[in-house]
Amino acid sequence: MIQLEQIKVSVEIENQTEEIKKTASKKLKIDPEDISKVIIRKRSIDARRKPDVYFLYTIDVELVSGKRPRHYRGRQRTKARYQIPVSSVKTESRPLVVGFGPAGMFAAYILALAGANPVVIERGQDVKKRIEDVRAFHATGVLNESSNVQFGEGGAGTFSDGKLVTQKNDHSGRMDFILKTFYDFGADSSVLTEARPHVGTDRLVEVVSNLRKKIISLGGDVRFASCMDGLVIESGRIVGAGISGQDDIVTDRIILAIGHSARDTFLALRQQGIEMTAKPFAVGFRVEHPQKLISEAQYGKRASRILPPANYRLSARNDSLALYSFCMCPGGYVIDASSEAGRLCVNGMSNFGRDSQNANSAMVMPVDGRFFDMKDPLSGMYFQRDLEEKAYSLGNGAIPQQLWQDYISDKKSTSYGRFGSKIKGRAAFANLRRIISDEWDDMFISGMNMIREKMPEFWDEEMILSGIESRTSSPVRILRDEEMKGSIQGLYPCGEGAGYAGGIISAAMDGMKAAEAVLRSYGHGD
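Residues numbered from 1 in each chain as written. Predicted model: local features only at pLDDT ≥ 70, side-chain atom pairs only at ≥ 80, totals over all residues. Heavy atoms only, no water.

1. Looking at the overall build of the protein
On a plain count of helices and strands, the protein comes out with 12 helices and 24 strands. The C-alpha radius of gyration computed for the protein amounts to 24 Å, which stays within 12% of the reference 24 Å derived for 526 residues, consistent with globular compactness. Restricting the contact set of the protein to residue pairs at least 6 apart, pairs at least 24 apart contribute 72%. When the 72 basic and 66 acidic side-chain charges of the protein are each reduced to a single mean position, those positions are 6 Å apart. (Helix = DSSP H or I, 4+ residues; strand = E, 2+ residues; numbered from the N terminus. Rg over C-alpha atoms; globule rule 2.2 N^0.38 Å. Contact = heavy atoms within 4.5 Å. Lys, Arg positive; Asp, Glu negative; His and termini not counted. Charge placed at Lys NZ, Arg CZ, Asp CG, Glu CD.)

2. A closer look at the nonpolar core
Ranked by size, the top nonpolar core spans 64 residues in total, and within it Trp 404, Tyr 407, Ile 436, Trp 440, Phe 444, Phe 458 and Leu 465 carry the most contacts. Residues Val 120, Val 208, Ala 508 and Tyr 522 belong to the second largest nonpolar core, which totals 59 residues. (Core = buried A, V, L, I, M, F, W, Y, C linked by side-chain atoms within 4.5 Å. Buried < 20%, exposed > 50% of the residue type's maximum accessible area, 1.4 Å probe, protein only.)

3. Description of the layout of surface pockets
Counted as a void, the second largest pocket has a volume near 820 Å³. As for the second largest pocket, its lining consists of 28 residues, and the residues nearest its centre are Ile 45, Arg 196, Tyr 299, Pro 309 and Asn 311. For the lining of the second largest pocket, the secondary-structure elements that each account for two or more residues are β2 (35–49) and α7 (291–299). With 4 residues, β2 is the largest single contributor of residues to the lining of the second largest pocket. Taken together, the residues that form the lining of the second largest pocket break down as 14 nonpolar, 6 polar and 8 charged. (1 Å grid on protein atoms, 1.4 Å probe; cavity = no way out; pocket = protein on both sides within 12 Å on 5 of 7 lines; lining within 4 Å. Points joined across faces, edges and corners; volume = space filled by probe spheres on them. Nonpolar A, V, L, I, M, F, W, Y, C, P; charged D, E, K, R; others polar.)

4. Considerations on empty space enclosed by the protein
Tallied over the full model, the rule gives 2 cavities of 30 Å³ or more. Approximately 40 Å³ is the volume found for the largest cavity. Lining the largest cavity we find Pro 102, Met 105, Gly 154, Gly 157, Thr 158, Phe 182, Leu 204, Val 208 and Ile 504. Breaking the lining of the largest cavity down by element, the ones donating at least two residues are α2 (102–113) and α5 (201–217). For the lining of the largest cavity, a count of residues per class yields 6 nonpolar, 3 polar and no charged. Together, Met 105, Phe 106, Thr 181, Phe 182, Phe 185, Val 207, Val 208 and Leu 211 line the second largest cavity. Going through the elements one at a time, α2, α4 (174–184) and α5 are the ones with two or more residues in the lining of the second largest cavity. Per element, the largest residue contribution to the lining of the second largest cavity is 3 residues, and it comes from α5. Among the residues making up the lining of the second largest cavity, the classes are represented as 7 nonpolar, 1 polar and no charged.

5. Points about the sheet that holds strand β20 (residues 423–424)
Read across the sheet, 3 strands follow the order β17-β16-β20 without closing on themselves; strand pairing throughout is mixed. Across the chains shown, the open sheet's two edge strands, defined by having one partner strand only, are β17 (346–349) and β20. Where strand β16 (residues 333–336) and β20 come together, 2 bridges link them in parallel fashion. Pairing of Ile 335 across the sheet is with Lys 424, part of β20. (Pairing = 2+ DSSP bridges.)

6. Observations concerning the side chain of Ser 361
As for its placement among the helices and strands, Ser 361 is situated in strand β18 (residues 358–367). There is a polar contact of 2.6 Å between the side chain of Ser 361 and the side chain of Tyr 312. Setting aside residues no more than four positions away along its own chain, Ser 361 makes contact with Phe 285, Arg 286, Val 287, Tyr 312, Ser 325, Phe 326, Cys 327 and Met 328. (Polar contact = N/O pair within 3.5 Å; in protein donor to acceptor, adjacent residues only side chain to side chain.)

7. Re the sheet that holds strand β9 (residues 237–243)
The 3 strands lie next to each other as β8-β9-β10, forming an open sheet whose pairing is antiparallel. Looking at which strands have only one partner, the edges of the open sheet turn out to be β8 (228–234) and β10 (249–250). Pairing of β8 with β9 involves 6 bridges; the strand directions are antiparallel. Counterpart to Met 228 in the pairing with β9 is Ile 243.

8. What about the pattern of salt bridges?
As enumerated under the stated definition, the model contains 33 salt bridges in all. Here Lys 129 makes a salt bridge to Asp 133, at a shortest N to O gap of 2.7 Å. Here Lys 129 pairs with Asp 133, and both are found in helix α3 (residues 127–140), just 4 residues apart, close to one helical turn. Residue class for Lys 129 comes out partly exposed when judged on its relative accessible area of 32%. Look at Asp 133 and you get buried, because its relative accessible area is 12%. (Salt bridge = Lys/Arg side-chain N within 4 Å of Asp/Glu carboxyl O.)

So this is what it looks like as structure tokens:
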């Protein structure tokens, strides 16, 4: 196979495959008939020269037997393939995975593929029951603190856009393995080729359920409604885990994949002396626009009628502030993502079709020692709780919302403008100013003014703000060494909750690394 990059084809051409073949033959200076096969490896959109918008393809080309390119401008494809570890050591103690979000799922999957027969515990419910609990909460406001948008099979990522992107470099093949796994268990084939792939909440439900069934078929055990309330430690090493209302689980190796909202577990681990530090994170508001406005701004009117709903990635920085978009959901919904009674936080989600009339994203800024005491490992968590209590109070338990112009004017909104909110949960109008601080508000407005210069359409007086987006990442980092080992022997912290990931892919990759470390430890016999 010859790999070619930057194959440029107008989005307005109907027969993309034929045009790709023509363009590739020109690059290789051969006849199109000399190409026997074209495999699309990656596709992105280039809209830098609107109204002319193009697909950019990376492809593999196979030539007819005996044919050689006269002018070779490609390269042989030598992509890393992930090697599944094999456990050669059988022990009486099965490894325990705590949490069944992306990190825990892929940690358990690797352990199961390697023959290590993991036990998985998840405080929430299986995805079918979890969906029922979330729908009931959004309809009535009655929260199940163990089964909600944050807790349950699939983790917080299940109720999201399901974006499968990461900023991490990967030379191990783990990322391709994850994408292929998502496809094998129910995701659309586009996750294998799109530069910004997404699964969608409606498809994620099927994917996580199928992955769990596969882990069980390989010898794993997945237990729901099982919350770890502490480690069992003897002579400075793990010997088990305490489970609320159940018998302890005996194990000498625990992969801790608890997610960024397991606050009671953070407290329990801290009380047991597990080493952790406070970590900066980001907070802000969900903002909503009409999807049509965003798509036309990104692609132009002509191309926007052809292409899927557009996303955006925006930022504004200077010496005093950093504002950026986070978890953008084209054609999506703002959702009440609360997990604690009397506290409220929001997130965004979209289905695979991204067919809501609104686009939304979080616009957030980092918070650190200027807002809470970084010397206290749990101070960021307490800061989050304080913000969420304020948000709950502002909306009397419903999501507090405000139009952008009213936020600037420091007054409570009383109605929507030319478009309404697409929301999962209940909403109420409020004044979101000072929910964080006057200083933060001033920086937020300054940053939005800077973004206006980059994308004028974004600065819309009637865009809808929802608060508060407080769980962009974990407020703590549970310390570990280069071998993924925590401060107690047998403990392997990983994923978003441990402070080492920021999304589905990066968390899954970190879970895989933790599983690999556990398997290496068996090999070394320690």
